[in-house]
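Observations on the three-dimensional arrangement
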Amino acid sequence: MTKIGFLSFGHWRDVPGSKVRSGREALVQAIDLAVAAEEAGVDGAYFRVHHFAPQQAAPFPLLSAIAARTSRIEIGTGVIDMRYENPLYMAEEAGAADLISGGRLQLGVSRGSPETALAGYRQFGYVPDPTDENGGDMARAHTAVFRRAIAGEPMADADPRMTGVAGSLPVFPLSDGLGDRIWWGAGTRATAEWTAEQGMNLMSSTLLTEDTGVPFDQLQAEQISRFRTTWADMGWERTPRVSVSRSIIPIIDDESRHYFGVRAQVEGQDQVGHLDGGLARFGRSYIGSPEELVTEFAADRAVRAADTVLVTVPNQLGVDFNARLLAAVKDVFAEVDAAPVPA
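Values in this document were obtained by computation on a predicted structure and should not be read as measured data. (Residues numbered from 1 in each chain as written. Predicted model: local features only at pLDDT ≥ 70, side-chain atom pairs only at ≥ 80, totals over all residues. Heavy atoms only, no water.)

A closer look at the overall build of the protein
Summing up its helical and strand segments, the protein has eleven helices and 14 strands in all. Computed over the C-alpha atoms, the radius of gyration of the protein is 20 Å, within 12% of the 20 Å expected from 2.2 N^0.38 for a compact globule of 343 residues. Oriented by its inertia axes, the alpha-carbon framework of the protein measures out at about 70 × 45 × 40 Å. The contacts of the protein with a sequence gap of at least 6 include a subset with a gap of at least 24, amounting to 72%. Carbon together with sulfur atoms contributes 53% to the accessible area of the protein, which is approximately 15,500 Å² in total. (Helix = DSSP H or I, 4+ residues; strand = E, 2+ residues; numbered from the N terminus. Rg over C-alpha atoms; globule rule 2.2 N^0.38 Å. Contact = heavy atoms within 4.5 Å. Areas by Shrake-Rupley, 256 points an atom, 1.4 Å probe, with all protein chains shown as cover.)

Given below as structure tokens:
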């Protein structure tokens, strides 16, 4: 069965029509939506991490609060920009959040998406090598240290005056199994292959920073296929997980029709544009009746190849609207899972 999670950007804005007008409301409503999603049978609560913007930026307090209010739902990120992170401090925060949740933490990490600040990670104290133009190498280096730390590898020399012995120390707390629940947000087919080489799960978004002229779902399905082939070639013992994101709005009542009925006519196809100096393909929005959505997702090659679908939610419409949306999406995928998989 396909796991269904929601992915919230955590927007807030004090404007007419917004039901999320402050940072506090964004955080409190995120917790309430996770609780409502768990009650509706949804499998995951994921949050985008974006700095220097009125969105969620500090995931671990939020995820820990959700963990304390829920018992089953996975909690995670999509994604943490590792250019901004102190990997050892992040390891401590992640270990604590995972222990509070009882092992439900699923961390999506990556180089990050285009941001509002110019090289904002420099203001956090992280300056890449001059040859590392966008900080991608620095993000991968931070990720490698983080993964070593959560695996319990020694990170500092012990002070014999305090410990009574010589040796090395790991960071604490450690949470068994967390290393198997790290996902890399891959924007290309080649990056997906690198992700498999590293032994991380694959998280693929609603855009790919390349274009071959084929529909988005086919390009993303090829990305997933390359990931799985490389994973098998590496000989990793565990089965990896793969998630894809989709913008999904079931038209189920007057409110959803009011907000999104007209948009279905203009957002129902892929878009191709320029991003980070090259072509990128943006996946379409899926807006329609539940019956129409079942037909469309049954034919979506990437959705059928993934084990997890993250639904990007319009969080500024409030908890009740999004809880109804997620319950409807869950019902849609119950029927999609029963449909034949495309050849």
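Let us keep going from here.
Let's talk about helix α1 (residues 23-39)
Residues separated by three or four positions in an α-helix point in the same direction, a consequence of the helix having 3.6 residues per turn. In a regular helix each residue adds 1.5 Å, so 17 residues correspond to 24 Å; α1 covers 25 Å between its end C-alpha atoms and thus fits that length. Restricting attention to buried positions, one finds in α1 the residues Ala26, Gln29, Ala30, Ile31, Leu33, Ala34, Val35, Ala36, Ala37 and Glu38. Residues of α1 that are buried sit in contact with β1 (3-8), β2 (44-47), α2 (59-69) and α11 (319-336). Phi turns positive, to about 90 degrees, at Gly41, one or two residues after α1. (Expected span 1.5 Å × (residues − 1). Buried < 20%, exposed > 50% of the residue type's maximum accessible area, 1.4 Å probe, protein only.)

Overview of the packing of aromatic side chains
Under the criterion given, the structure shown has 13 aromatic pairs. Between the aromatic rings of Phe6 and Phe47, the centroid separation amounts to 5.7 Å while the plane-to-plane angle is 90 degrees, which identifies the pairing as edge-to-face. Taken together, the residues span a long stretch of sequence, with Phe6 in strand β1 and Phe47 in strand β2 at a distance of 41 residues. Of the two residues examined, Phe6 and Phe47, each falls in the buried class. Between Phe52 and Phe124, the aromatic rings sit 5.8 Å apart at their centres with planes inclined by 80 degrees, giving edge-to-face as the arrangement. Remark: Phe124 occurs in the loop between β4 (105-110) and α4 (136-150) and Phe52 occurs in the loop between β2 and α2; sequence separation between them is 72 residues. Looking at Phe52, the relative accessible area reads 48%, which means it is partly exposed. (Phe/Tyr/Trp six-rings, centres within 6.5 Å; stacked < 30°, edge-to-face > 60°.)

Details of the pattern of salt bridges
Evaluated as defined, the whole model comprises 21 salt bridges. A salt bridge links Arg181 to Asp98; the shortest N-O distance between them is 2.8 Å. Here Arg181, found in the loop between β6 (168-169) and β7 (182-185), pairs with Asp98, found in helix α3 (residues 87-101); they are 83 residues apart in sequence, far enough to count as distant. Across the pair, exposure class does not vary: Arg181 and Asp98 are buried alike. What emerges from the salt-bridge pattern is a single network uniting Lys19, Asp253, Glu255 and Arg324. (Salt bridge = Lys/Arg side-chain N within 4 Å of Asp/Glu carboxyl O.)

Focus on the packing of α3 against α4
α4 packs onto α3 with a crossing angle of 45 degrees between their chain directions and a minimal axis gap of 8 Å. With respect to their mutual orientation, α3 and α4 come out oblique. The handedness of the crossing between α3 and α4 comes out as right-handed. Facing α3, whose interface residues are Pro87, Leu88, Met90, Ala91 and Ala94, α4 presents His142, Val145, Phe146, Ala149 and Ile150. Split by residue class, the contact of α3 with α4 holds nine nonpolar, one polar and no charged. (Axes fitted to C-alpha atoms, helices over the stretch in contact; angles between N-to-C directions. Parallel < 35°, antiparallel > 145°, perpendicular 65-115°, else oblique. Left-handed = near helix turned anticlockwise from the far one by under 90°. Nonpolar A, V, L, I, M, F, W, Y, C, P; charged D, E, K, R; others polar.)

That's the geometry; what it means functionally is another story.
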